Amino acid sequence: MGADNDLTGDGMDNGDQDIEGTEDTDGMEGTGGGDHSGAARVVRRDEAVRAAVEQGLLGPDSPIVGLLDVTGIRESAAQLRAAFDAVTAPGTPVLHAFAVKATPLVPVLRLLREAGIGAEVASPGELALARAAGVRPERTVLDSPAKTPAELREALALGIAVNADNPQELARIDGLIRSAASRSPIGIRVNPQVGGGSIGATSTATATSKFGVALRDEGAREWIVRACAERPWLTRLHAHTGSQGIPLSLMAQGVAETYALAEEINRHLGRRQIDTLDIGGGLPVNFGSDATSPTYAQYARLLSEAVPGLFDGRYGLVTEFGRSLLAKHGTVVARVEYAKSAGGRPVAVTHAGVQVATRTVYVPGSWPLRIAAYDAKGRPKEGPEVVQDIAGPACFAGDLLAEGRALPLLEQGDYAAALDTGAYYFAHHYAYNSLARPGIYGFAPSGDGGTGGGVAFATVRTPQTLDEIVAESGGAHASALTTL
Ligand SMILES: *Cc1c(COP(=O)(O)O)cnc(C)c1O
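Residues numbered from 1 in each chain as written. Predicted model: local features only at pLDDT ≥ 70, side-chain atom pairs only at ≥ 80, totals over all residues. Heavy atoms only, no water.

Draft legend 1. Seen up close, unusual backbone geometry. Look at the link from Ser 293 to Pro 294: it is a cis peptide, with omega at 0 degrees. Examined against the element boundaries, Pro 294 turns out to sit in the loop between strand S9 (276-278) and helix H10 (296-306). Even without a glycine there, the phi angle at Gln 193 is positive, about 50 degrees. Position of Gln 193 among the secondary structure elements: in the loop between strand S6 (186-191) and strand S7 (213-214). Looking at Gln 193, the relative accessible area reads 8%, which means it is buried. (Helix = DSSP H or I, 4+ residues; strand = E, 2+ residues; numbered from the N terminus. Buried < 20%, exposed > 50% of the residue type's maximum accessible area, 1.4 Å probe, protein only.)

Right, dumping it as structure tokens:
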């Protein structure tokens, strides 16, 4: 309902829609429905793990699952909308487009759609997922550094907003628009080159980043102003200053530089041609505790102080948050197949490793995960903490979810949960050792409080079967090479 009723012609919320949920989420850290402490989320998670064991989703024959907290996802979506509503002039068009990259699962995109959130896509696959979820073209944004002519043609035919990455892409769009008119709002991505954060791989605004038009390079600003002067349909600027590891102040600086460029363009042209700023995503997630920090409200307030003109109603806004909407609402739970000891170090060999936590396993210093210990019945494990390794199932020594972690001693048949894994983890399967993609289940209170342990589950993705693994691994071409 909500998501479909609050549209204006340009596909954006117009500020007069009913906000999803009833939480008072602005500036309410630690109080009320905002639940920024995460305490309520921990209770929901513990109940879900126990219910998953009781209901047989988890067990000896199903030793790993991904769980998604539907209540938490809805709360984050409502918090995002409320945070920007609180700082934007009434009537300002705002589209929050979820970065599909973060959790590319159709039921998640549908859930977010129902919570008033659109989709930011960066590949034909992501666009297909957004369309399968029913996200409308008016609420979809296409960004990607390597769009083919066919991708651009499709996006323009559908009326999806497109952010061109570079001058060559803009030239392609010129040609396509000449041959067929399009409703698509068109923007250009800029790299404000404000610098990187603590994680190189997610720093998009370094001097030499591959994304967008590098704004501080010789002649770049002049080129953009000219490109706009020649193209009355070029109405947006886009910047995504970084993801995890970027300080908020740097993100705000990137937005401020983009805003200043829009003002310069409009002043130069003597008209308000740039009418929308897409400020990207990138709000960092706290992987160190259950608290939601920073909050959307904090970021929106910071932006409104750093770039007040952005919120006075002269510009429409697009945001592209990914990790911050989903990360804290996902949990990987894996059975301890064996508990052993090596060199005096206890090692819990579980079914969660590099296939579901690729970044953590390969770059543990940048992507540490919290681990929670549960007993064989799915109850939080008690007992003195013991320094131990939590290992994955893959056949290389570095396949460790956590190394030297102090936890109640994990024993055979217990469960280890990797927390805050709702984005860029179990939905980003890595096919090492042909390990199967685990099933993913959403959970919510069932209301019955009875046989289901008070928790209801819904299948988001079925576990991958062995037949599917064979088929995806060339099973239909078994003799292709021997007959060549
Ligand atoms: C990855 C990405 C996002 C989302 O980043 P998060 O850190 O997940 O919020 C948004 N916009 C663009 C262009 C991206 O590449």
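Draft legend 2. Layout of the pairing of strand S10 (residues 316-319). The alternating pattern of S10 places Gly 316 and Val 318 on one face and Leu 317 and Thr 319 on the opposite face, and all of these are buried. By the bridge criterion, three bridges tie S9 to S10 in an arrangement that is parallel. Bridge pairing in S10 places Leu 277 opposite Leu 317. Taking the sense of rotation as the criterion, the β-α-β connection linking S9, H10 and S10 turns out right-handed. (Pairing = 2+ DSSP bridges. Right-handed = clockwise from strand over helix to strand, strands pointing away.)

Draft legend 3. The arrangement of the nonpolar core in detail. With 109 residues, the main nonpolar core has Leu 68, Phe 84, Ile 265, Leu 310, Leu 325 and Leu 326 as its most contacted residues. Here this core takes ten residues from helix H9 (residues 248-269), the largest share from any one element. Apart from the residues within four sequence positions on either side, Leu 310 is in contact with Val 255, Tyr 259, Leu 277, Ile 279, Tyr 315 and Leu 317. In this structure, Leu 67, Ala 372, Tyr 374 and Ala 417 belong to the second largest nonpolar core, which totals 19 residues. (Core = buried A, V, L, I, M, F, W, Y, C linked by side-chain atoms within 4.5 Å. Contact = heavy atoms within 4.5 Å.)

Draft legend 4. The arrangement of the packing of helix H8 (residues 220-230) against H9 in detail. It is at 10 Å that the axes of H8 and H9 come closest, and there the two elements cross at 50 degrees. Regarding the angle of H8 to H9, the classification is oblique. Relative to H9, H8 is oriented so that their crossing is right-handed. Across the interface between the two elements, Arg 221, Ile 224, Val 225, Cys 228 and Ala 229 from H8 touch Ala 260, Leu 261, Glu 264, Ile 265, His 268 and Leu 269 from H9. (Axes fitted to C-alpha atoms, helices over the stretch in contact; angles between N-to-C directions. Parallel < 35°, antiparallel > 145°, perpendicular 65-115°, else oblique. Left-handed = near helix turned anticlockwise from the far one by under 90°.)

Draft legend 5. Local environment of the side chain of Arg 231. Relative to the assigned elements, Arg 231 resides in the loop between H8 and strand S8 (234-238). Here Arg 231 is in contact with Leu 170, Asp 174 and Gln 273, once residues within four sequence places are set aside.

Draft legend 6. Representation of the site of the ligand. Around the ligand lies a shell of 15 residues, among which Lys 101, Ser 243, Glu 320, Arg 323 and Tyr 424 are the nearest. Between the ligand and Arg 323 there is a distance of 2.8 Å, counted from an oxygen atom to a backbone nitrogen or oxygen. For the ligand, whose accessible area on its own is 380 Å², the fraction buried by protein is 94%. Comparing atom positions with the cavity grids shows the ligand to sit within the largest pocket. Grouping the constituent residues of the shell around the ligand by class yields three nonpolar, six polar and six charged. (Near = heavy atom within 4 Å. Polar contact = N/O pair within 3.5 Å; in protein donor to acceptor, adjacent residues only side chain to side chain. Areas by Shrake-Rupley, 256 points an atom, 1.4 Å probe, with all protein chains shown as cover. 1 Å grid on protein atoms, 1.4 Å probe; cavity = no way out; pocket = protein on both sides within 12 Å on 5 of 7 lines; lining within 4 Å. Sits in = over half its atoms within 2 Å of the grid points. Nonpolar A, V, L, I, M, F, W, Y, C, P; charged D, E, K, R; others polar.)

Draft legend 7. How the structure looks around the environment of Leu 409. Structurally, Leu 409 is set in the loop between strand S15 (400-408) and strand S16 (415-419). Residue Leu 409 is classed as partly exposed on the basis of its relative accessible area, which comes to 36%. Separated by 23 residues in sequence, Leu 409 and Tyr 432 have C-alpha atoms that sit 28 Å apart. In contact with Leu 409, other than residues within four places in its own chain, are Pro 346, Lys 381, Pro 384, Val 386, Gln 388 and Asp 414.

Draft legend 8. Fine view of the pairing of strand S13 (residues 371-374). With burial as the criterion, each face of S13 is covered, one bearing Ile 371 and Ala 373 and the other bearing Ala 372 and Tyr 374. Both S13 and S16 contribute to a ladder of four bridges, which runs antiparallel. Paired with Ala 373 across the bridge in S16 is Ala 416.

Draft legend 9. View of the layout of surface pockets. In this model, the largest pocket occupies a volume close to 600 Å³. Taken together, 33 residues line the largest pocket, and the ones lying closest to its centre are Lys 101, Phe 211, His 240, Ser 243 and Tyr 424. Contributing elements (two or more residues each) for the lining of the largest pocket: helix H11 (323-326) and helix H12 (358-362). Taken together, the residues of the lining of the largest pocket sort by class into twelve nonpolar, 13 polar and eight charged. What the second largest pocket holds in volume is close to 290 Å³. Forming the boundary of the second largest pocket are 17 residues, of which Pro 63, Ile 64, His 351, Ala 436 and Pro 438 lie nearest the centre. Secondary structure elements with two or more residues in the lining of the second largest pocket: strand S1 (64-69) and strand S17 (439-445). For the lining of the second largest pocket, the residue count by class is ten nonpolar, five polar and two charged. (Points joined across faces, edges and corners; volume = space filled by probe spheres on them.)

Draft legend 10. Structural detail: the pattern of salt bridges. Inspection of the entire model under this criterion finds 23 salt bridges. The residue Arg 221 makes a salt bridge to Glu 264 at a minimum N-O spacing of 2.9 Å. Taken together, the residues Arg 221 in helix H8 and Glu 264 in helix H9 connect sequence positions 43 residues apart. Residue classification places Arg 221 among the partly exposed positions, given a relative accessible area of 24%. Residue Glu 264 is classed as partly exposed on the basis of its relative accessible area of 25%. Here Asp 312 makes a salt bridge to Arg 314, at a shortest N to O gap of 2.9 Å. Among the residues examined, Asp 312 registers a relative accessible area of 40% and is labelled partly exposed. Note on Arg 314: relative accessible area 31%, which makes it partly exposed. A single salt-bridge network, built from bridges that share partners, covers Arg 45, Asp 290, Lys 328, Arg 370 and Asp 420. (Salt bridge = Lys/Arg side-chain N within 4 Å of Asp/Glu carboxyl O.)

Draft legend 11. How the structure looks around the packing of aromatic side chains. The tally for this structure, following the rule as stated, stands at ten aromatic pairs. When the ring of Tyr 259 is compared with that of Tyr 315, the centres are 5.7 Å apart and the planes differ by 75 degrees; the resulting orientation is edge-to-face. Remark: Tyr 315 occurs in the loop between H10 and S10 and Tyr 259 occurs in helix H9; sequence separation between them is 56 residues. Taking the relative accessible area as the measure of exposure, Tyr 315 reaches 0% and is therefore buried. (Phe/Tyr/Trp six-rings, centres within 6.5 Å; stacked < 30°, edge-to-face > 60°.)

Note that every value here comes from positions in space, so none of it alone points to a role or purpose.
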